[in-house]
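A look at the structure
Okay, here's what each chain looks like letter by letter:
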2 protein chains.
Amino acid sequence: MCFVSEEYVYFKLTENVEVLRLLDYETKYFEALWEIPEGVVYNSYIVRSSSGVVLVDTWRIGYGDKLVGVLDKLGVLSELTHIITHHLEPDHSGALAELVEAKPGITIIGHPLSSKLIEAHYGIKVNFKPVRDGEEVKIGNLHFTFHHTPWLHWPETIVSYLHEDKVLFTCDVFGSYGVYREKLLSELSGGERARYFNLARKYFANVVGHYRDFVLRSLGKLLELVRKSEYVAPAHGLVLETRDAAYMAELYEKWAKSTGSRILIVYNSMYGFVEKAVNKLAETLKSKGYTVSTYAFTWNRRPLISEIIGDAVEASVLVLGVSTYENKIFPIIEYTTRLLVHKTGCKKTIILGTYGWGGKVSELKTMLESLGCREVYYYEATPSQLQDLIKDIEKVIA
Amino acid sequence: MCFVSEEYVYFKLTENVEVLRLLDYETKYFEALWEIPEGVVYNSYIVRSSSGVVLVDTWRIGYGDKLVGVLDKLGVLSELTHIITHHLEPDHSGALAELVEAKPGITIIGHPLSSKLIEAHYGIKVNFKPVRDGEEVKIGNLHFTFHHTPWLHWPETIVSYLHEDKVLFTCDVFGSYGVYREKLLSELSGGERARYFNLARKYFANVVGHYRDFVLRSLGKLLELVRKSEYVAPAHGLVLETRDAAYMAELYEKWAKSTGSRILIVYNSMYGFVEKAVNKLAETLKSKGYTVSTYAFTWNRRPLISEIIGDAVEASVLVLGVSTYENKIFPIIEYTTRLLVHKTGCKKTIILGTYGWGGKVSELKTMLESLGCREVYYYEATPSQLQDLIKDIEKVIA
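Everything numeric in this text was worked out from a predicted model, so none of it was measured.

What follows deals with the domain arrangement of chain A. All names here are of chain A. Examined at the domain level, chain A breaks down into domain 1 (2-257) and domain 2 (262-397). The C-alpha-based centres of domain 1 and domain 2 are spaced at 37 Å. Of the roughly 1,400 Å² buried between domain 1 and domain 2, counting both surfaces, carbon and sulfur atoms make up 54%. Summed over the shared surface of domain 1 and domain 2, the result is four salt bridges. The interface formed by domain 1 and domain 2 includes ten residue pairs in polar contact (both at pLDDT 80 or more). For the side of domain 1 that touches domain 2, the secondary structure elements donating two or more residues are strand E5 (34-35), helix H4 (190-208) and helix H6 (242-257). Here the side of domain 1 that touches domain 2 gets six residues from one element, more than from any other, and that element is H4. Tallied by class, the residues present in the side of domain 1 that touches domain 2 amount to seven nonpolar, three polar and five charged.

Next up on the list: the relation of the copies chain B and chain A. Overlay of chain B on chain A (RMSD 0.0 Å): rotation 180°, translation along the axis 0.0 Å. Here the transformation between the copies is reduced to the relation of a two-fold axis. Scanning chain B for the C-alpha nearest the rotation axis identifies Tyr 335 of chain B, at a separation of 3.3 Å. Comparing contact sets, 100% of the residues at the interface of chain B also lie at the interface in chain A, consistent with an isologous, same-surface contact.

Another aspect to go through is the sheet that holds strand E13 (residues 158-162) of chain B. All names here are of chain B. Taken in spatial order, the six strands line up as E11-E12-E13-E14-E15-E16 in an open sheet, and their pairing is mixed. Strands at the two margins of the open sheet, each flanked by one partner only, are strand E11 (136-139) and strand E16 (240-241). Bridge count between strand E14 (residues 167-171) and strand E15 (residues 231-234): four bridges; the pairing is parallel. Looking at the pairing, Cys 171 lines up with Pro 234 of E15. Of the strands in this sheet, strand E12 (142-148), E13, E14 and E15 touch helix H5 (residues 212-228), which is tilted by about 20° from E13.

Parameters at a glance
- Residues numbered from 1 in each chain as written.
- Chains lettered and ligands numbered in written order.
- Predicted model: local features only at pLDDT ≥ 70, side-chain atom pairs only at ≥ 80, totals over all residues.
- Heavy atoms only, no water.
- Domains from an automatic or database assignment.
- Buried area = accessible area lost by both parts, 1.4 Å probe.
- Salt bridge = Lys/Arg side-chain N within 4 Å of Asp/Glu carboxyl O.
- Polar contact = N/O pair within 3.5 Å; in protein donor to acceptor, adjacent residues only side chain to side chain.
- Helix = DSSP H or I, 4+ residues; strand = E, 2+ residues; numbered from the N terminus.
- Nonpolar A, V, L, I, M, F, W, Y, C, P; charged D, E, K, R; others polar.
- Least-squares fit on C-alpha atoms with pLDDT ≥ 70 in both.
- Contact = heavy atoms within 4.5 Å.
- Pairing = 2+ DSSP bridges.
- Axes fitted to C-alpha atoms, helices over the stretch in contact; angles between N-to-C directions.

In structure tokens, the structure reads:
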């Protein structure tokens, strides 16, 4: 019972659980926002009970007919009795309309708020079973317990635990970007394993990051569930065994708190002046042993904002090198800064501003303060004087 | 006297004027901001007087040594006595430091504010000759008149007219993106000519657009100068003969006023709902005879903001299709809208907003109003109800 195509993979995970994974190389911008050249997968899980099949989450919107067809081909469609939806975002709920059309009257299980969201998104009324936090539901010979994990990352997010197979289904939580054909994260080693955690970090920061305080609130509950599970089965990425899932939970705490020692430098340079100053600063910091990540918006470079934000959850200091542009903050830096604060919170921030005929980069400090950031230092100079600021900035960082 | 290399072209324009054009295929982001897959050129003009050579503007920063080398090779360097700088942006002033080093004591001519900006950018003090608005300067047998055109697009922007050759040097004004080896715009015809005006429009909107009111204020003066010139010689793009320059001035007036009849639709669609509604709207509008430009930020598409803004100067109606994202305006749409208003001003704007669990897109209306836009209409619905808004929106546009 294993199938690998260009489009999806299918394999058995435990006695009653199979993974049906859509491989998506085509999405360039996750949520229409985050650049993901690495692609992404959507895991739908087939759970076989004595009274019928439970589908745990579906595929991305646009692949509904495909999913119905594959389930039919696998002989699963005729046995389908329930769909568990862990939250309503259409990368997981996207096949609901087609599935309900193929199986009228099928029971959808989810957070009490989800039925309203199903109607809001798909304009359909379904046979809906809401589940309370901690509620156990018996389906045939199997027992699921549902746990509310609000705002990870939708208001009505839940996770579910299948007792018989010791599988915890976590949907977006502990998920990752990347297209993988393996079953388990433990099949990856060395650089591939490190890359996976990098992509998981990027995913966390991009998708869950804004709700980092809710992550911290749910983490105790999640860790308890992880510890009694054999497998943690997210909707993106690979299945994690207990040890890897516990490690991922540890990373989640670290990322949610942004307690890393990295220095993140983001700058624009219209004509090279800011770049020269920032490079000098970065070299000095590196020579002092700091880990420095540098992202440059210049005449020939434009970094992926998804990756800047991914790095940011490991940084405790942010340096912004920025030009004045038509008497305003250079637009891309303003945009990136807003996203950084939204997704990863405030950090100790040092602004290195420059101007030719009008210095207005101090507005970036004002903007950060209006977003609640308190530790913001501001330095500005004309292009030819920028280098002279480096010594002062070093002192603030040290 | 004509030379074409991979890097630059050189040819005679009139008896005393030669064009020395750097071909820049490498800049992907003009001003580190505007996507220009078409590239750009920098025209420096060599003007030969009886008492020495005047260089009119230089090349982009980073090409200073190259320019000095080429001038030396052409036998011009030893004769160089003056540099006219029409404004200090480093895509034109970028070789000043190297030229002054090669020719200590050379006279730099510019707006009275420019000497301070030379020091601010390059940290050098130069032999500077400020020119008043309307001032005539005789160099050898030649007569230049200088005209102040403030804020096109720097505060100290000037243009200069060479009487003997009837050449008007306009620097950024009437310039264009694109890499061209031709001498004159009139050498292009058909689709190539249309493409040139499209690139000039994009350049105008991106670079000069924010100062559109100043364009209108200077346009009378410029048109008068254009009419007595035989050639209008900008620092980007091709040289224009009187007729083409007068036409370009006409377009500048139109673009500065954004009086076109185009409808510009810019939207994001996370999961296809907004896209479906917007496509329906666009089809209906097209069937009614409107010219519609549509730009979509989706899972697999990301348009060039430089081109959206280029189109915007021909639009009088803006439709924004936008998702709620984490209880805020979808970030790219907020960013693009801010740039659109900054560069092309307010238009009649219709917002088509959607939300799943929290509708906050009305904040986009508030934001536009805070930017001074008065005619803003707002409609919102859940994804499944979006289509129902189309009829109302059509009525507002009609």
